[in-house]
Amino acid sequence: GIFLIPYFIMLLVIGLPLFLMELSLGQYGAAGPITVWKCCPLLKGVGVAMLIVSSLVSLYYNVIIAWAFYYLGSSFQSPLPWSCDAPRNADLCQVGAVTVTCWGCVLQNTSGSAGRESASEVFWNKQVLGVTHSSSLGDPGPVQWPLALCLLAAWILIFLCMLKGIRSSGKVVYFTATFPYLVILILIIRGATLDGSLNGVRFYLSSNWNRLQSAQVWSDAASQIFYSLGIGCGGLLSMASYNKFDNNVIRDTLVIAIGNCCTSFLAGFAIFSVLGHMAWRKQVPVGNAADSGPGLAFVAYPEAVSLLPGSPFWSILFFLMLFTLGVDTLFGNIKGITTAILDEFPALRDWRRKTALLGALCTAFYLLGLLLVTRGGIFWFILIDTYSTGFGLIIVALFMCLGIAFCYGTNQFCQDIVDMICRCPPWCSHMLSYFKVCWVFFTPCLLLFTLIYTFLDMYSVPLRYGTYEYPAWGTSLGVCMGVLTCLQIPVWATVALCRESGTLRDRFQKATQPLSSWRMATAQDLARDIIDVPFTITLTDSD
């Protein structure tokens, strides 16, 4: 509950300003995350870094969709294969159940404890992941072929939905974006009727004011804002580039960003009401029933759903919602990648070449993703998840904010927004004044704080999955992923400076000036709005 305070503060100071910045850049420049930096060639590396972040996220994010797809297929069985009613789990659900072992070693679980395992944990670790047969990051083992087929189906679905570009994916989004709301509403209503649900809601809204003194809470809140809004990945820029030039980006920012965060808050009631019921059935505190990360979606909540009457129906609803949410998110990432490539290589805009490009991307991501569906794939998944969107993503957002504020100029940027909105209502002008202050001071300061704490936390707390602690070479590999992202900024800045002439100061000034083609797309949009009408001119003798 107390987490909501830093969460909404980070939304107001980091989320909304950066969300508006990306939408405005994409809409005004009508270009993807790389080409849009014609407004400031010195920062082209920010766009390239966004492309790398988006690629890493797409690599592992579809694995989550594959897991959801696997659970969705398993949900059509009755009883559910991870429930205590399944014959194979009879021994696990007895009081004093024996410890599940993996050929001499205690099974590792997602909560970090060893020893007694629930049926849901055994199903997740042994049948889905196969992690019981892998000992470390360096021991991936063979591919889990049921998961590999689910991953293939997920990528084929992404390819088909995006085959005709923004129009086809836009139509699919009508379903993928609205269906989860229906499921959340149904789950909230059902959860409210369960015994012990109020205990779960109380735990969700409980307040421990001392936690506000912890920098960890504020850092986690900032990270959650990045994840939920998709800031810094390039997807927002790409989607906004398809907007009409006069679209009200300030209105869209407020509606989408605030609506997104309120949806997350609302979904918490659906989750914790059911977890409260599970805790009531097990006679344990709600905190012991709750989990985080993959453990919440694929261990704790499925176990809670298995306790409900008609559990297969509720399981199908939940994992179908998870599946559509994942597909919806991946649309933005893949669209950001394809838009960036097509902007840089216009020759690929032909329909056949564009289809071949999309097919090549999906095939490459699938083949690379096979590592994540091996028996030790979960170790690689956690590594990429932790470092691909860690300090590298924060540095990308920081340089984007500083570049627009101090290179392109906040006054010019705000004028661009006013030019797009045309008839700017008074409330929009007031909002722009607030955003201007954030871009210049508050947002960079909070991003810098989050970055510093992320570095301190990274070197003081070792990365773990359950009881397994990652080796030094694994952590170094993860850091290299983040460094690869960050290096794009100085490398492309150096390239931009080398292309100019004069002293270093002259080169810097030229590299921060918009290119002549920066407003070309704007002029083309405005030209479409000009209507040819017949007219007559009467000339007098003086003329």
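The structure we're discussing is the one just above.
Definitions and limits used
- Residues numbered from 1 in each chain as written.
- Predicted model: local features only at pLDDT ≥ 70, side-chain atom pairs only at ≥ 80, totals over all residues.
- Heavy atoms only, no water.
- Helix = DSSP H or I, 4+ residues; strand = E, 2+ residues; numbered from the N terminus.
- Buried < 20%, exposed > 50% of the residue type's maximum accessible area, 1.4 Å probe, protein only.
- Areas by Shrake-Rupley, 256 points an atom, 1.4 Å probe, with all protein chains shown as cover.
- 1 Å grid on protein atoms, 1.4 Å probe; cavity = no way out; pocket = protein on both sides within 12 Å on 5 of 7 lines; lining within 4 Å.
- Points joined across faces, edges and corners; volume = space filled by probe spheres on them.
- Nonpolar A, V, L, I, M, F, W, Y, C, P; charged D, E, K, R; others polar.
- Axes fitted to C-alpha atoms, helices over the stretch in contact; angles between N-to-C directions.
- Parallel < 35°, antiparallel > 145°, perpendicular 65-115°, else oblique.
- Left-handed = near helix turned anticlockwise from the far one by under 90°.
- Contact = heavy atoms within 4.5 Å.
- Phe/Tyr/Trp six-rings, centres within 6.5 Å; stacked < 30°, edge-to-face > 60°.
- Salt bridge = Lys/Arg side-chain N within 4 Å of Asp/Glu carboxyl O.

> Go over the overall build of the protein chain, please, and point to the residues and values.
Looking only at helices and strands, one finds 19 helices and four strands in the protein chain. Taking all 543 residues of the protein chain together, the buried fraction comes to 52%. Summing over all exposed atoms, the protein chain offers an accessible surface of approximately 24900 Å²; the carbon and sulfur share of this is 64%.

> Lay out empty space enclosed by the protein in plain terms, naming residues and giving numbers.
What the rule picks out here adds up to one cavity of 30 Å³ or more. Computed from the structure, the largest cavity encloses a volume of approximately 100 Å³. Breaking the lining of the largest cavity down by element, the ones donating at least two residues are helix 12 (311-344) and helix 13 (351-369). Broken down by element, the lining of the largest cavity gets its largest block of residues, four residues, from helix 13. Residue composition of the lining of the largest cavity, by class: five nonpolar, three polar and two charged.

> So what about the packing of helix 15 (residues 391-421) against helix 17 (residues 472-499)? Which residues, and what values?
Look at helix 15 against helix 17: their axes get within 8 Å of each other, and the N-to-C directions meet at 15 degrees. By the angle class used here, helix 15 and helix 17 are roughly parallel. Taken as a pair, helix 15 and helix 17 cross one another with a handedness that is right-handed. Each of F391, G392, I395, V396 and F399 in helix 15 lies in contact with helix 17, whose residues at this interface are V479, G482, V483, T485, C486 and I489. A class-by-class count of the residues in the contact of helix 15 with helix 17 yields eight nonpolar, three polar and no charged.

> For the packing of aromatic side chains, give the residues involved together with the corresponding values.
Taken as a whole, this structure holds 39 aromatic pairs when the rule is applied. Judged by centre distance (5.7 Å) and plane angle (45 degrees), the rings of Y28 and W518 are tilted. In this pair, Y28 is assigned in helix 1 (residues 4-29) and W518 in the loop between helix 18 (504-511) and helix 19 (520-528), connecting sequence segments 490 residues apart. The class of W518 is buried, set by a relative accessible area of 3%. Between the aromatic rings of F379 and Y468, the centroid separation amounts to 4.7 Å while the plane-to-plane angle is 50 degrees, which identifies the pairing as tilted. Here the residue F379 occupies a position in helix 14 (residues 377-388), and Y468 occupies one in strand 4 (residues 468-469), the gap between them amounting to 89 residues. In this structure F379 comes out as buried when scored by relative accessible area, which is 0%.

> Tell me about unusual backbone geometry, and please be specific about residues and values.
Residue P79 is reached from S78 by a cis peptide bond, and omega for that bond is 0 degrees. Of note, A30 is a non-glycine position whose phi angle comes to about 50 degrees, a positive value. For A30, the location among the structural elements is in the loop between helix 1 and helix 2 (44-74). Take A30: its relative accessible area is 32%, and that puts it in the partly exposed class.

> Please give an account of the pattern of salt bridges that cites residues and values.
Oppositely charged side chains can form a pair if their charged atoms are brought close together. On inspection of all chains with the given rule, the structure shows four salt bridges. One salt bridge connects E344 with K44, and the closest N-O pair in it is separated by 3.5 Å. In this pair, E344 sits in helix 12 while K44 sits in helix 2, placing the two residues 300 residues apart along the sequence. A residue is classified by how much of its surface remains accessible, and E344, at 32% relative accessible area, is partly exposed. Between E469 and R464 there is a salt bridge, with its nearest N and O atoms 3.0 Å apart. When its relative accessible area of 40% is taken as the criterion, E469 is described as partly exposed.

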